[in-house]
Amino acid sequence: PTVTVLNGPNLNLLGTREPAVYGTATLEDLRDLCARTCEELGLVLDFAQTNGEGELVELVQRARGRSTGLVINAAGYTHTSVALRDAVVASELPTIEVHLSNVHAREEFRRHSFLSDVVSGVIVGCGAQGYRFALERIAELTRPSRS
Ligand code: DQA
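Residues numbered from 1 in each chain as written. Predicted model: local features only at pLDDT ≥ 70, side-chain atom pairs only at ≥ 80, totals over all residues.

Per an unreviewed UniProt entry, the protein chain goes by 3-dehydroquinate dehydratase and derives from Auraticoccus monumenti. Word for word, the UniProt comment on the protein chain under Catalytic activity (unreviewed entry) is "3-dehydroquinate = 3-dehydroshikimate + H2O". According to its UniProt record, the protein chain has this under Sequence similarities (unreviewed entry): "Belongs to the type-II 3-dehydroquinase family." (UniProt positions renumbered as here; feature names shortened; annotations may be inferred.)

Draft legend 1. Inspection of the UniProt feature "site: Transition state stabilizer" (unreviewed entry) in the protein chain at higher detail. UniProt marks R17 with the feature "site: Transition state stabilizer" (unreviewed entry), using the numbering shown here. Overall, the presence of 13 C-beta atoms within 10 Å leaves R17 in the partly exposed class. Ignoring any residue separated from it by four or fewer positions in sequence, one finds R17 in contact with N10 and Y22. (Buried ≥ 20, exposed ≤ 12 C-beta atoms within 10 Å, placed from the backbone. Contact = placed C-beta atoms within 7 Å.)

Draft legend 2. Highlighting the site of the ligand. Every residue lining the ligand is accounted for by N10, N73, A75, G76, T78, H99, L100, S101, V103 and R110. Residue classes in the shell around the ligand are distributed as 3 nonpolar, 6 polar and 1 charged. (Near = placed C-beta within 6 Å. Nonpolar A, V, L, I, M, F, W, Y, C, P; charged D, E, K, R; others polar.)

Draft legend 3. Up close: the UniProt feature "active site" (unreviewed entry) in the protein chain. The UniProt record annotates "active site" (unreviewed entry) at Y22 and H99. Across 78 residues, the annotated set stays spatially compact, with a maximum C-alpha separation of 9.2 Å. With respect to the helices and strands, Y22 occurs in helix 1 (residues 19-22). A residue is classified by how many C-beta atoms lie within 10 Å of it, and Y22, with 20 of them, is buried. When near neighbours in sequence (up to four residues on either side) are disregarded, Y22 contacts L14, R17, L100 and S101. Mapped onto the elements, H99 comes out in strand 4 (residues 95-99). Those residues in contact with H99 that sit more than four places away from it in its chain are N73 and V124. (Helix = DSSP H or I, 4+ residues; strand = E, 2+ residues; numbered from the N terminus.)

Draft legend 4. Molecular detail of the nonpolar core. In this structure, L56, V60, V71, Y131 and L135 are the most contacted members of the largest nonpolar core, which totals 31 residues. If you list the elements that add at least two residues to this core, you get strand 1 (2-7), helix 2 (27-41), helix 3 (53-66), strand 3 (69-73), helix 4 (82-91), strand 4 and helix 5 (129-142). Each residue touching V71, except ones within four places of it in the same chain, is listed here: V3, V5, I96, V98, Y131, A134, L135 and I138. (Core = buried A, V, L, I, M, F, W, Y, C linked by C-beta atoms within 7 Å.)

Draft legend 5. Expanded view of the sheet that holds strand 2 (residues 44-49). Judged by pairing direction, the sheet is parallel, and its 5 strands sit side by side in the order 2-1-3-4-5 without closing on themselves. Whereas interior strands pair on both sides, the edge strands pair on one side only; in this sheet they are strand 2 and strand 5 (121-124). Going from strand to strand, the sheet's axes swing by 15 degrees on average, the running direction of each strand aside. Where strand 1 meets strand 2, 6 bridges bridge the pair, whose relative direction is parallel. Residue pairing in the sheet places V3 in a bridge with L45 of strand 2. (Pairing = 2+ DSSP bridges. Axes fitted to C-alpha atoms, helices over the stretch in contact; angles between N-to-C directions.)

Draft legend 6. Spatial organisation of helix 3. Across its 14 residues, helix 3 extends 21 Å between first and last C-alpha, which sits within 8% of the 20 Å expected from 1.5 Å per residue. Within helix 3, burial applies to L56, V57, L59, V60 and A63. An end-on view of helix 3 places all buried positions within 160 degrees of arc, on one side of the element. Turned more than 90 degrees away from the buried face of helix 3, the exposed residues are G54, Q61, G65 and R66. Considering only its buried residues, helix 3 is in contact with strand 1, strand 2, strand 3 and helix 4. (Expected span 1.5 Å × (residues − 1). Arc of directions from axis to C-beta.)

Next comes the structure, spelled out in structure tokens:
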């Protein structure tokens, strides 16, 4: 089974971008962490980052059919994008929303997410480890039921 991990705008700058908020891990480090976690869980990783809202929508659409679950850090689009929300709903995939930082401890506008009420779960403020937790949850949600 394949799991798609999508990263939104400015996450390509991880490591150098506000390290006090987002940590020192780079996007490559994050990809490595996800790859190792997926290997442990018996999942195949499909990992991508884009700065474009339309492309993020495309990537969510593409995940449908090829993946059994979705992990998404939509970054700034979390707080603005109805189109992305609609794409996540249309995908019908078990989805975990991740944020590296604790969005509830920052500016007020980060407290609202267009995704949180349509996803299976939300992980915030756990840094890169949040991606590991999200993948573990996807593995749990997509495990074939033993009966
Ligand atoms: C973020 C939080 C968002 O509010 C912000 O726009 C980001 C990153 C996070 O991972 O903490 O770009 O999604």
